[in-house]
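The residues making up each chain are set out below.
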Amino acid sequence: MRVDVITIFPEYVEPLRAALLGRAIERGLVSLGVHDLRNWTHDVHRAVDDSPYGGGPGMVMKPQVWGDALDEVCAGDEPPRLVVPTPAGIPFTQEKAREYAALPRLVFACGRYEGIDQRVIDDAARRMVVDEVSIGDYVLVGGEVAVLAIVEAVARLLPGVLGNPRSAEEDSFSDGLLEGPSYTRPEVWRELAVPDVLRSGNHAAIDRWRRDRALERTLDRRPDLLAALPEGALDQRDQAL
Ligand code: ADE
């Protein structure tokens with residue numbers, strides 16, 4: 001997969017080259033380009049923003065600079081998916097992560113200040129699919145941290161990136177529920193014991209216990225997820241809980 005990020009703070013997304021993703025890059029599973037938006041400015045001040053039409057606080061990122069940057073970075077035979085992180089976007093979910101993991105090319109446009117002139121998005125959408133996405137109901141200073149989160153969520157789904165592919169298949173959200181608690185040795189720690197069933201060797205009982213804890217936790221922390229499960233996702237035992 002090819003990932004390009006356009007930002008006025010290239011150093012902010014350098015952590016993408018560390019840890020899990022760094023290894024994926026070294027092994028050729030992901031290739032990453034980070035581009036400084038100011039390379040496409042036209043004036044001595046290298047200005048990327050201007051005051052908003054209609055007034056109000058903050059600044060808006062200039063369309064000419066973004067237009068030239070996207071023309072160059074998005075060039076090629078097949079248009080990439082353009083992802084614009086913004087608190088005003090559609091929610092970025094595990095389902096979106098799976099969708100992105102199946103694409104050959106992603107380009108991220110990191111806005112700062114009050115956002116990017118909307119015509120940049122409208123113009124790009126004439127040539128490619130553009131997703132304005134939010135990573136949660138809070139406001140960050142810019143899109144860079146959202147890109148770190150999105151790229152990590154996508155990269156771990158690529159074949160060969162995780163050591164054990166079952167980790168991606170069985171984690172929270174893969175069945176629409178939050179994952180329950182996990183334990184490792186020792187059996188008793190600070191007088192707290194690992195639940196007996198996990199040491200029983202009875203795999204049917206272990207699966208049932210894990211399912212019950214996942215249901216309890218989801219009901220407690222994210223009842224909205226339970227309500228959104230498709231019809232038939234809960235069996236009779238689930239419903240009794
Ligand atoms: N930029 C600022 N806040 C954001 C958020 N919550 N999600 C994605 N991009 C953002």
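Since the model is a prediction, treat every value here as computed from it, not as a measurement.

Caption draft 1: Expanded view of the packing of helix α1 (residues 19-26) against helix α5 (residues 144-155). Packing of α1 against α5 leaves a shortest axis separation of 10 Å and a crossing angle of 60°. With respect to their mutual orientation, α1 and α5 come out oblique. As α1 runs across α5, the sense of the crossing is left-handed. For the pair formed by α1 and α5, the contact residues are L20, L21 and A24 on the first element and V151, E152 and A155 on the second. In terms of residue class, the contact of α1 with α5 is built from five nonpolar, no polar and one charged.

Caption draft 2: Here's a closer look at unusual backbone geometry. Here the residue pair R185 and P186 is connected by a cis peptide bond, since its omega of 5° sits within 30 degrees of zero. Within the fold, P186 resides in the loop between α6 (165-170) and β8 (188-189). The residue A19 is not glycine, and still its phi comes out positive at about 50°. Tracing the sequence through the fold places A19 in helix α1. Note on A19: 10 C-beta atoms within 10 Å, which makes it exposed. One non-glycine residue with positive phi stands out, namely R46, at about 55°. Mapped onto the elements, R46 comes out in the loop between β2 (31-36) and β3 (49-50).

Caption draft 3: Seen up close, the site of the ligand. Near the ligand the following residues occur: P85, T86, P87, S134, I135, G136, Y138, V139, L140, G142, G143 and A146. Of all the elements, strand β5 (residues 81-91) adds the most residues to the shell around the ligand, at three residues. A breakdown of the residues in the shell around the ligand according to their chemical character gives seven nonpolar, five polar and no charged.

Caption draft 4: Broad picture of the UniProt feature "binding site: S-adenosyl-L-methionine" (unreviewed entry) in the chain. With numbering matched to this structure, UniProt assigns "binding site: S-adenosyl-L-methionine" (unreviewed entry) to G111, I135, G136, D137, Y138, V139 and L140. Along the chain, D137 falls in the loop between β7 (130-134) and α5. You can call D137 exposed: it has 7 C-beta atoms within 10 Å. Structurally, the position occupied by L140 is in the loop between β7 and α5. The contacts of L140, once residues within four sequence positions are left out, are V145 and A146.

Each value, and the rule that gives it
Residues numbered from 1 in each chain as written. Predicted model: local features only at pLDDT ≥ 70, side-chain atom pairs only at ≥ 80, totals over all residues. Axes fitted to C-alpha atoms, helices over the stretch in contact; angles between N-to-C directions. Helix = DSSP H or I, 4+ residues; strand = E, 2+ residues; numbered from the N terminus. Parallel < 35°, antiparallel > 145°, perpendicular 65-115°, else oblique. Left-handed = near helix turned anticlockwise from the far one by under 90°. Contact = placed C-beta atoms within 7 Å. Nonpolar A, V, L, I, M, F, W, Y, C, P; charged D, E, K, R; others polar. Buried ≥ 20, exposed ≤ 12 C-beta atoms within 10 Å, placed from the backbone. Near = placed C-beta within 6 Å. UniProt positions renumbered as here; feature names shortened; annotations may be inferred.

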